[in-house]
Structure formats: structure tokens, C-alpha cells
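# Coordinates in review
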Amino acid sequence: MHTLHLKKPLAFFDLETTGVNIARDRIVELSVVKALPNGETEVRTRRVNPEMPIPLESSLIHGIYDEDVKDCPTFKSLAKNLAVFLEGCDLAGFNSNRFDIPMLVEEFLRVGVEFDVKNRKCVDTQRIFHMMEPRNLAAAYKFYCGKTLIGAHGAEADTLATFEVLQGQIAKYDGVTMQDAKGNDYVPVKNDINALHELTASRIIDFAGRMVFNEKGEEVFNFGKHNGKRVADILKNEPSFYDWMMKAEFPLDTKRRLTEIKLRALTQR
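Given the structure is predicted, the values throughout are model-derived calculations rather than measurements.

Summed over the entire model, instances satisfying the criterion amount to 13 aromatic pairs. Ring geometry for Phe-221 against Phe-223: centres 6.1 Å apart, planes inclined by 90°, an arrangement best described as edge-to-face. Each of the two residues, Phe-221 as well as Phe-223, counts as buried. Site record: aromatic cluster; members linked through ring pairs are Phe-94, Phe-129, Phe-143, Tyr-144 and Tyr-173. The lysine or arginine in question, Arg-210, covers the ring of Phe-223, its NZ or CZ lying 5.9 Å from the ring centre.

Let us look at a nonpolar patch on the surface. The grouping of Leu-56, Leu-60 and Tyr-65 at the surface amounts to a nonpolar patch, some 320 Å² of accessible area in total. Within the secondary structure, Tyr-65 is located in the loop between α1 (56-62) and α2 (66-69). Looking at Tyr-65, the relative accessible area reads 35%, which means it is partly exposed.

This part is about the pattern of salt bridges. The final tally for this structure, using the stated rule, is 16 salt bridges. The partner of Arg-110 in a salt bridge is Glu-107, and the shortest N-O contact between them spans 2.9 Å. Placement of the pair is Arg-110 and Glu-107 together in helix α4 (residues 96-111), with a separation of 3 residues, close to one helical turn. With its nearest N and O atoms 2.8 Å apart, the salt bridge here joins Asp-233 to Arg-230. Asp-233 sits in the partly exposed class, given a relative accessible area of 31%.

What follows covers helix α5 (residues 125-132). Residues of α5 that are buried: Thr-125, Gln-126, Ile-128, Phe-129 and Met-132. End-on view of α5: buried residues confined to an arc of 160°, all on one side of the axis. The inward-facing, buried residues of α5 contact β4 (90-93), β5 (122-124), α6 (137-145), α7 (155-173), β6 (178-179) and α8 (193-201). Between a side-chain oxygen at the N-terminus of α5 and the backbone nitrogen of Gln-126 the separation is 2.9 Å; the capping residue is Asp-124.

Analysis parameters
- Residues numbered from 1 in each chain as written.
- Predicted model: local features only at pLDDT ≥ 70, side-chain atom pairs only at ≥ 80, totals over all residues.
- Heavy atoms only, no water.
- Phe/Tyr/Trp six-rings, centres within 6.5 Å; stacked < 30°, edge-to-face > 60°.
- Buried < 20%, exposed > 50% of the residue type's maximum accessible area, 1.4 Å probe, protein only.
- Lys NZ or Arg CZ within 6 Å of the ring centre and 35° of its normal.
- Patch = residues over 30% accessible without salt bridge, like charges linked within 9 Å, V, L, I, M, F, W, Y side chains within 5 Å.
- Areas by Shrake-Rupley, 256 points an atom, 1.4 Å probe, with all protein chains shown as cover.
- Salt bridge = Lys/Arg side-chain N within 4 Å of Asp/Glu carboxyl O.
- Helix = DSSP H or I, 4+ residues; strand = E, 2+ residues; numbered from the N terminus.
- Arc of directions from axis to C-beta.
- Contact = heavy atoms within 4.5 Å.
- Polar contact = N/O pair within 3.5 Å; in protein donor to acceptor, adjacent residues only side chain to side chain.

Structure, rendered in C-alpha cells:
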């Protein structure tokens, strides 16, 4: 039984992959711990054939080699059942907003299976951890749970640890005040998924982080020569930049969000 206050299921998950390039790399192992509002949990872990060689440097980290996954199902064969398992779930993980969620979204887009995150709350325990106690997952597990993480870099061990870490963070920081940029006191960590989403994911537009919301709630670019500039202004004044991004090696999710902003701007004229 868990201690989270949930109105809908919260799916903790972790991915082991061929590398860290969201547009190019693939999943080799996936584990999901689905925390249900009634206090129960469901765990699913699968190895995945990435349909590409696993670089040795990646195998040395997670311990999964080509031979281990050659007879495993492809993501395409698992995608529909996985989407059903995650249906109606909010999402949580460790560094999930910057890596695991965008990688998962990209895999679903690649095989043409609908998996929209617009109406899901996203809780990244790493964001809370780095804000309150800057370290890594093993240190977080030791600090919040008083345990040594056995089997780190295995998807299930990391996922279960992340699940316990969030509960430990809530127990430690619920009611703890901090000061915002204007010197006002506030309580950042609450046992409430909406509040945790606002704390860890509210500025996200695309999961690769190429676009974010600024302090005014405006969509701005978060890289390159247009860093900090309003996306709508650049699309209007420099339309070739949109064409360049659509042809360049950006994740499909980034291109989709950019296109949504462009189409919305056209309808508002």
C-alpha cells in the first residue's frame, strides 16, 4: 500500500535505451509501476528488441546486450497494450520530463500509436530532489528511504526506487516553506499531483525542451540564436526557421508542438 493522495492512477516508469538521443535511440527495457488511487500497485517490466545494435558503452551501464534482446518483442508489437495500460494515468519518473517521457512519446509516434500527454500530469522526482537535495537516484534512495539501491540502472529497480523516493520526499518536505524570487514564502512540495506537476513540469511545451513557457506564460525558444524569443514572433518574421526545424534532426514531438503553435497563430490572424 502506498501513501500518495491520488485521484487517478500515477504511472512511475523508467527506460533503459541504446543511448540518449531521443530522435535516434531506442528502448531496450521498460518498467512501469502503476500506483492506483485505492493504494494498490501494479508492476510490469519488459525487455524490448530495439531493432538496432546496442552500443557497448550503453550496455556497460545497464547490462543489456544485443544477445539479451534479440528474441524479445519490438516496441511496435508492445505499443498498443502499453498505451492501454497507461490510459488515464498521470506520469512520474526520475529525470522523466527531460528523457523518459520524451523518449516514450517518440517511440509511440514512430509506430503510429496514439499517446497524448496533454491531459496528463507529469511529476519528475529529480526536479524535486535537485531543488531540495541535489544528488542522484542512488543518493536520493539512501537519503529519503534509508536504503542502498541494489541493481541501479536496471529499469525495475530504478522505477521502484523512484516510487519510494517520491513518497519519502512528500513525507520530508510537506509543509516545508521556501522563498520565491520575490522573497515570498511558499510550500513547494505537497501531497497533491497537481501541485507536483506545477513544481516539476509546468514550463514544458515539448519534452526535448526546445520550447518552454517564460514567466509571462509565453511560448519561447529555449536554444540557439532565438533563445528566449517568442515562438510566434519568429514563425511570423522568419518562416524559414520553421522549415529548417522540420527538416532537421529534432524529435517528432518537438516538430508536432511547433506545428501546433504555427497553426494556432494562423487561425488567430
